[in-house]
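In case you want the letters, here they are:
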Amino acid sequence: MIALALLRFLARTPWSTAMALIGMALGVTSIVSVHLVSASISSRLDGLVPGALSEYSHYLHRDKLDTADYLALRKQWRAGALPAITQLSPLVDETTTLEGQSVRVLGADLLARPPSAGAKAIAEQFSWNGAWVDQSLKDQLSIPINGIIEAPKGTLLADIATAHDLLGWRPNQLSYVGLVLSDAFAGSIETAEKLLPGFGAGFPSAKPSLDLAPGWQLVSTAEQYPAREFGKSILFNISALGMLALLVAWLLIYQVAVSWLRRLWPVFDRLHVLGVEWQQLRAYFLFSIGLIATLAAALGLVTGWWLASWLLGMAVPGQEINLNLDSWVIFKAVGSAVAVCLLGGAWAFHRSQQEVSHSSLPAILTLLLLIAATWCVFQPQTGLAGGFFAIAVLSLAASQTIAPLLTRLKRWASMIRGSYLLRVGVREALWHPAELSVALAGLSLAIATAIGVALMVDSFRVDFSQMLDHRLKYDLIAQGDKTALKTFANINKTATLADRIQVYRNTDIRVNGLSMELDISRMDAFESSRYGYSRSLASNGILLSEQAARSLQLSVGDALTVAGEKMTISGMFSAFGDLKPKLIVNDRSPLADALAAQLQVDSVAFKSDRPEILVAALRKQFPALELRLQSDIRRVALKTFDQTFAITTVLITIALLVAAISVYIAVTTMRLNRQTGRQLLNTLGVNRTEQLMMNIALGTGLGLVAIIIALPLGVMFGWILCNVINPRAFGWTIELQLSAEALLRSCTWGMLAAIAAGILQGGDHEEGAFGGR
Amino acid sequence: MTRPSALDVKNISKHYQDGSRQIDVIRDLSFSVAAGESLSVTGPSGSGKSTLLNLLAGLLELDGGDMTLALKDKTFSYRTADERSRTALRRQHIGYVYQFFNLVPTLTVLENVRLPARLNQQRELERHAATLLGEFGLSDRLHDFPETLSGGEQQRVAVARALLLKPPLLLADEPTGNLDAENSNHVADLLFSSCREQNISLVLATHSTEVAGMADTRLHLDTQLPLDTRSQDRQSP
Ligand SMILES: Nc1ncnc2c1ncn2[C@@H]1O[C@H](COP(=O)(O)OP(=O)(O)OP(=O)(O)O)[C@@H](O)[C@H]1O
Ligand SMILES: [Mg+2]
């Protein structure tokens, strides 16, 4: 009987029922798509580290490392002097040319541990002189192949002795030592990573102090693989944004549950009067909302999957995308929908029965959290997680101010002037904190995020194009064909064609155990100015990228020893987008001679009045050269830049959309719950156009309240993103520019979302007229 | 004294469709009201009092018959009027008082009363609003919001608003239904005397025989269907 009454009621109000389903499904969609996008990027990043090395958490480096060093270390460990280490093993890791292929040779002690991780045996007979290779090398080498491993292109894994043979090394030579350090949090971070891909990158890798003999350098996986770490940091940013989308989605789902209850409440009230127990009614309510939640979760999983493929297709075009709906994401989607619905619904049910007394506990808690967040902002060792913790706490604090703000604004409401109907619309937005504050919190969070990210991206774009202006002083860049490039190294000027020719040589080196890129070129005043240094670089001078300075913890004027040469840091430059820390020295420097053997010509730049003619001439002479005009480089760079932030934009759009639906549902609930006088105004002869105007005014009012909160919050977000998140994630700082355009753009979108929520009143006719009978 | 009728109702009918069932609420009803005269509508719950008033307000569409209302320069015919012109009629020429929820909660007392003048761009009547509220004993509540007013005060504000435009027709649906005897008399007095003074035709639905007795004419509606098919709607004591 009760079920029948409920079903009939729901069938009679199909619009609101559909709205609840759609709203919740959208929430789930945003959760699912964000998760899938992050997980896909994450697995691609994990592929950057060969499976055979994935178990090591740290590495030990040493100049001219050999087996004697390793055995001494091992002895120390066996004596119990290094309790933090749970495993250690010697490793060979060197890139060489084998049969015309550039191959990264990994040598490990396969006697102690055979290559298990993802290895697929293909040989009939296992051979100690054979190797395991990644898919790309499968048919390229003449040595016996034992199996296929998961690893980046061009990787070969062999027993350490075989590796020595392949490289032609002395038998006691080693590259470094792999370590597994015990970490109490590793397990929980791994689980968290499953639920929130990219989460782990938020924590600075622990660097325990080991009591090591002098000469050893401890390096974490993050430092060993900066490219992977760079990607993981981007991933963490996306994942943190996704967390925000999750929060907004939760608010929406809660909002749906509450409005569901409000719709059913009159029915329940009557049934209760007729003698039905509250407990039974609650069970019915929870069952019905749980059913909607399950349906919505299923719908959201499908649309989320679709959205994620579309997003990835847009952000990384041309790459194969395979997303799988694993049990984690299903758990997260269904769990979010059902749990938030049931808990939120039960709470709302409880509140409908009895008033809940207010306590000051939440305020005190928030204050404590704010203090903790401030501490995190100024303590770099709290890592990315610290930065995002601050953002989360600020969001929490801001959403708590909504209800008091509305109460205060309501007091001033009689001061609102202008058309009476507009007054009604705007005041309605302020009149019902109980119904609207949750949705408004969601909206202002979404707007604040939009503002914060827009400020960051715009500031970043300014800095980035400034950097391009500095760097792009040449008209043409040639890369590729090394023999062709080498011919330019010996001429100073091709007078007829170019005014200036600049040759760049580079190599990878280790500085204090960290892998860096060293660039060597003729650093006269013109060239130095490209890096913001106004004079010609002294022969013992060195320029550091911001990332290099940060990871070495050095600044201008400090001394730095590179490959045995003592250099002085003359300047620092920003290098947005660089994966590796970069060092620049003059080609007259002693370093250039010391490293002459390993330096490779990387590129040659030309300055010319007529670059097109130059391009044609070079094409003819060196057909294999890759030639790029400065204007193209600039265009491509900015395009890549914008593409990087495409996912961010879409995520924010989703959050705004979800927030708008949440506001719409809240407004509908409010109309259902309160006498807003709309029917009365109809009786007084207010026509449709005027009602539409009032709805727009209502939406504007809601938008204004959300923006009042979102503006300062968003600027704070922007500041944290530029000065806390970016340095911690990528090693560079961005100067925050309060661009009016960015602020206006985000607020406009937020305002439009609120107005849309106000206008979208298709469900009005279902609310039942009052007083008309 | 016979005056020309302001409101003429001829053979009107109205039915509701409830699924496949048709409920005839009003069948073949005729009456007329002269300017400045009052008509009380009584009848058991569900007899169609509110339906009649809503038809007169143009909130509902006629199913049969016709009604006309004499305006200053023309006669308004309900049958041929579309929704737009009925809305305009309500806005300019009809005052309406409900049993409750008569006031827009987000407008102050003064704003509520001025609202019809604003909607019709008759600024000169706005000053009149405060005077009217003063006459009704509400001069110290002008800038308060309705939620702070008592039921009787709210009804007086509603009457003041209905009177502001001096419309040819004022409709009141159980305006005293929610009030105690003293307040009820006060509000009814205000309604009847103001309408008479200002030559406004008043149609008032009520359950109270006392209030009904104050009208010039009485119309009694009968239940035309068995009672169990009627919804029990806001019964007044
Ligand atoms: N929108 C509607 N749809 C279907 N039936 C309706 C609708 N409005 C009213 N009715 C029916 O029309 C009949 C008359 O209702 P009405 O509200 O006019 O009665 P009333 O005389 O005002 O009653 P009361 O004294 O209780 O206010 C009732 O049976 C009611 O159920
Ligand atoms: Mg009635």
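Asks: Which parts of the structure should I look at to understand the overall build of chain A?
Replies: Looking only at helices and strands, one finds 24 helices and 18 strands in chain A. The buried share of chain A, reckoned over its 773 residues, is 52%. For chain A, contacts bridging at least 24 residues in sequence account for 79% of all contacts bridging at least 6. Per element, the accessible surface of chain A, about 35200 Å² overall, is 59% carbon and sulfur.

Asks: Explanation requested: the interface of chain A and chain B in the structure shown.
Replies: In many analyses, interface size is given as the accessible surface area lost on bringing the parts together. Counting from both sides, the interface comprises 28 residues of chain A and, opposite them, 29 residues of chain B. Across the chain A/chain B interface, buried area totals approximately 2700 Å², and carbon plus sulfur atoms make up 58% of it. At the junction of chain A and chain B, the tally comes to five salt bridges. Across the salt bridge formed by A:Arg688 and B:Glu83, the nearest N and O atoms sit 3.2 Å from each other. On inspection of chain A and its partner chain B, the count reaches nine residue pairs in polar contact (both at pLDDT 80 or more). Take the side of chain A that touches chain B: its biggest share by element is seven residues, from helix 13 (residues 420–431) of chain A.

Asks: Hey, could you run me through the sheet that holds strand 9 (residues 217–220) of chain B in this one?
Replies: The strands making up a sheet associate through hydrogen bonds between their backbones, and the pairing can be parallel or antiparallel. Residue and element names in this part refer to chain B. Here we have five strands laid out as an open sheet, ordered 6-7-8-3-9, and parallel in their pairing. Across the chains shown, the open sheet's two edge strands, defined by having one partner strand only, are strand 6 (94–97) and strand 9. The average undirected angle you get between the axes of adjacent strands in this sheet is 15°. Bridge analysis of strand 7 (residues 169–173) against strand 8 (residues 201–205) gives five bridges, and the strand direction is parallel. Pairing of Leu169 across the sheet is with Ser201, part of strand 8. Against the sheet, helix 2 (residues 83–93) touches strand 6 and strand 7, its axis set at about 80° to strand 6.

Asks: Explain the packing of aromatic side chains here, please?
Replies: All names here are of chain A. This structure, assessed with the given rule, holds 14 aromatic pairs over all chains. Aromatic side chains Tyr59 and Tyr176 sit 5.2 Å apart centroid to centroid with 80° between the ring planes, which places their arrangement in the edge-to-face category. Within this pair, whereas Tyr59 is found in strand 1 (residues 58–61), its partner Tyr176 is found in strand 8 (residues 176–181), the two being separated by 117 residues in sequence. What makes Tyr59 buried here is its relative accessible area of 0%. Relative accessible area serves as the criterion here: at 3%, Tyr176 is assigned to the buried category. With a centroid separation of 6.1 Å and 80° between ring planes, the pair formed by Trp278 and Phe349 is classed as edge-to-face. One end of the pair, Trp278, is in helix 8 (residues 278–315); the other, Phe349, is in helix 9 (residues 327–353), with 71 residues separating them in the sequence. On the basis of relative accessibility, which here comes to 1%, the residue Phe349 falls in the buried class. Three or more aromatic residues link up through ring pairs in this structure, and these residues are Trp265, Phe268, Trp278, Phe285 and Phe349. One Lys or Arg, Arg62, reaches over the ring of Trp216 and ends 5.2 Å from the middle of that ring.

Asks: How should I be thinking about the packing of helix 13 of chain A against helix 3 (residues 109–119) of chain B in this particular structure?
Replies: When two helices pack together, their arrangement is captured by the angle between the axes and the distance separating the axes. Here helix 13 of chain A crosses helix 3 of chain B at 130°, and the two axes come no closer than 10 Å. By the angle between their directions, the pair helix 13 of chain A and helix 3 of chain B is classed as oblique. Contacts between helix 13 of chain A and helix 3 of chain B involve A:Tyr420, A:Leu421, A:Arg423 and A:Arg427 from the former and B:Glu111, B:Arg114, B:Leu115, B:Arg118 and B:Leu119 from the latter. Classifying every residue of the contact of helix 13 of chain A with helix 3 of chain B gives four nonpolar, no polar and five charged.

Asks: Whenever I open this one, helix 10 (residues 361–378) of chain A confuses me. Can you help?
Replies: Given 3.6 residues per helical turn, the α-helix brings residues three or four places apart onto the same face. The end-to-end C-alpha distance of helix 10 of chain A is 26 Å, a good match for the 26 Å that 18 residues give at a rise of 1.5 Å each. In this structure, the buried residues of helix 10 of chain A make contact with helix 11 (383–400) and helix 23 (688–730) of chain A.

Asks: What should I look at first to understand the pattern of salt bridges in this one?
Replies: Side chains that differ in charge, positive against negative, can pair when their charged atoms come close. In the structure shown here, the tally under the stated rule is 22 salt bridges over all chains. Taking the shortest distance from any N to any O, the salt bridge between B:Glu111 and A:Arg423 comes out at 2.4 Å. Residue B:Glu111 is found in helix 3, and its partner A:Arg423 is found in helix 13; the two belong to separate chains. We classify A:Arg423 as buried; its relative accessible area is 4%.

Asks: Help me understand the confidence of the model for chain B, please; the structure alone is not making it clear to me.
Replies: Segments scoring low in pLDDT should not have their predicted coordinates read at a detailed level. Here chain B averages 85 in pLDDT, and 92% of its residues register 70 or above. Considering only residues more than four positions removed or in separate chains, one finds that residues 225–237 of chain B, a stretch of pLDDT under 50, has 25 contacts.

Asks: I would appreciate a short explanation of the sheet that holds strand 2 (residues 21–34) of chain B in the present structure.
Replies: All names here are of chain B. The strand order across the open sheet built from four strands is 2-1-4-5, with neighbouring strands paired in antiparallel fashion. Where the open sheet ends on each side, the last strands, each with one partner, are strand 2 and strand 5 (75–77). For this sheet, the mean angle separating the axes of adjacent strands, direction not counted, is 20°. Both strand 1 (residues 5–18) and strand 4 (residues 64–70) contribute to a ladder of five bridges, which runs antiparallel. Bridge assignment links Leu7 to a residue of strand 4, and that residue is Leu69. The strands that helix 1 (residues 49–57) touches are strand 1, strand 2 and strand 4; relative to strand 1, the one it contacts most, it runs at about 120°.

Asks: I keep staring at the nonpolar core and nothing clicks. Help me out?
Replies: Formed by 145 residues in total, the largest nonpolar core has its most connected members in A:Met24, A:Phe268, A:Leu440, A:Leu443, A:Phe460, A:Phe464 and A:Leu702. Those residues in contact with A:Leu440 that lie beyond four places of it in its chain are A:Ile402, A:Leu406, A:Leu702, A:Val705 and A:Ala706. Core analysis: the next-biggest nonpolar cluster, separate from the first, contains 45 residues, A:Leu684, B:Val33, B:Leu53 and B:Leu55 among them.

Asks: In this structure, what is going on with helix 3 (residues 67–78) of chain A? I would like to understand it.
Replies: All names here are of chain A. Along its 12 residues, helix 3 runs 16 Å from first to last C-alpha, staying within 8% of the 16 Å computed at 1.5 Å per residue. Residues Asp69, Tyr70 and Leu73 constitute the buried set of helix 3. Mapping the buried residues of helix 3 onto a view down its axis gives an arc of 100°, with all of them on the same face. When the buried face of helix 3 is taken as reference, the exposed residues oriented beyond 90 degrees from it are Ala68, Lys75 and Arg78. Capping the start of helix 3 is the job of one residue whose side-chain oxygen sits 3.1 Å from the backbone nitrogen of Ala68: Asp66. The first or second residue beyond helix 3 is Gly80, which carries a positive phi of 85°.

Asks: Help me understand the packing of helix 14 (residues 433–471) of chain A against helix 23 of chain A, please; the structure alone is not making it clear to me.
Replies: Residue and element names in this part refer to chain A. Contact geometry for helix 14 and helix 23: axes closest at 6 Å, N-to-C directions at 40°. Classified by the angle between their axes, helix 14 and helix 23 sit oblique to one another. Judged by the sense of rotation from one axis to the other, the crossing of helix 14 with helix 23 is right-handed.

Asks: What is the right way to read the side chain of B:Arg90 from this model?
Replies: Relative to the elements of secondary structure, B:Arg90 occurs in helix 2. Nearest to the buried, unbridged B:Arg90 among oppositely charged side chains is B:Glu83, at 5.5 Å. Reaching out from B:Arg90, the side chain makes a polar contact with the backbone oxygen of A:Thr683 at a distance of 3.1 Å. When near neighbours in sequence (up to four residues on either side) are disregarded, B:Arg90 contacts A:Asn682, A:Thr683, A:Leu684, A:Gly685, B:Ala57, B:Gly58 and B:Leu59.

Asks: Is there a simple way to think about a nonpolar patch on the surface in this case?
Replies: Residue and element names in this part refer to chain A. Together, Trp305, Trp306, Leu325 and Ile330 make up an exposed nonpolar region whose accessible area comes to about 400 Å². Here Trp305 is to be found in helix 8. By relative accessible area, which is 37% here, Trp305 ends up partly exposed.

Asks: Would you take a moment to explain unusual backbone geometry for this structure?
Replies: Most peptide bonds take the trans form, and the phi angle of most residues other than glycine is negative. All names here are of chain B. Positive phi, normally seen in glycine, also occurs at Asn11, with a value near 50°. In this structure, Asn11 sits in strand 1. A residue is classified by how much of its surface remains accessible, and Asn11, at 42% relative accessible area, is partly exposed.

Asks: Is there a simple way to explain the pairing of strand 2 of chain B in this structure?
Replies: Within a regular strand, the side chains alternate between the two sheet faces. Residue and element names in this part refer to chain B. By the bridge criterion, 10 bridges tie strand 1 to strand 2 in an arrangement that is antiparallel. Note on strand 2: the bridge partner recorded for Asp8 is Ser32. Between the end of strand 1 and the start of strand 2, which pair antiparallel, lie two residues, with Gly19 showing a positive phi angle near 65°.

Cut-offs and rules
Residues numbered from 1 in each chain as written. Chains lettered and ligands numbered in written order. Predicted model: local features only at pLDDT ≥ 70, side-chain atom pairs only at ≥ 80, totals over all residues. Heavy atoms only, no water. Helix = DSSP H or I, 4+ residues; strand = E, 2+ residues; numbered from the N terminus. Buried < 20%, exposed > 50% of the residue type's maximum accessible area, 1.4 Å probe, protein only. Contact = heavy atoms within 4.5 Å. Areas by Shrake-Rupley, 256 points an atom, 1.4 Å probe, with all protein chains shown as cover. Buried area = accessible area lost by both parts, 1.4 Å probe. Salt bridge = Lys/Arg side-chain N within 4 Å of Asp/Glu carboxyl O. Polar contact = N/O pair within 3.5 Å; in protein donor to acceptor, adjacent residues only side chain to side chain. Pairing = 2+ DSSP bridges. Axes fitted to C-alpha atoms, helices over the stretch in contact; angles between N-to-C directions. Phe/Tyr/Trp six-rings, centres within 6.5 Å; stacked < 30°, edge-to-face > 60°. Lys NZ or Arg CZ within 6 Å of the ring centre and 35° of its normal. Parallel < 35°, antiparallel > 145°, perpendicular 65-115°, else oblique. Nonpolar A, V, L, I, M, F, W, Y, C, P; charged D, E, K, R; others polar. Expected span 1.5 Å × (residues − 1). pLDDT = per-residue confidence, 0-100. Core = buried A, V, L, I, M, F, W, Y, C linked by side-chain atoms within 4.5 Å. Arc of directions from axis to C-beta. Left-handed = near helix turned anticlockwise from the far one by under 90°. Lys, Arg positive; Asp, Glu negative; His and termini not counted. Patch = residues over 30% accessible without salt bridge, like charges linked within 9 Å, V, L, I, M, F, W, Y side chains within 5 Å.

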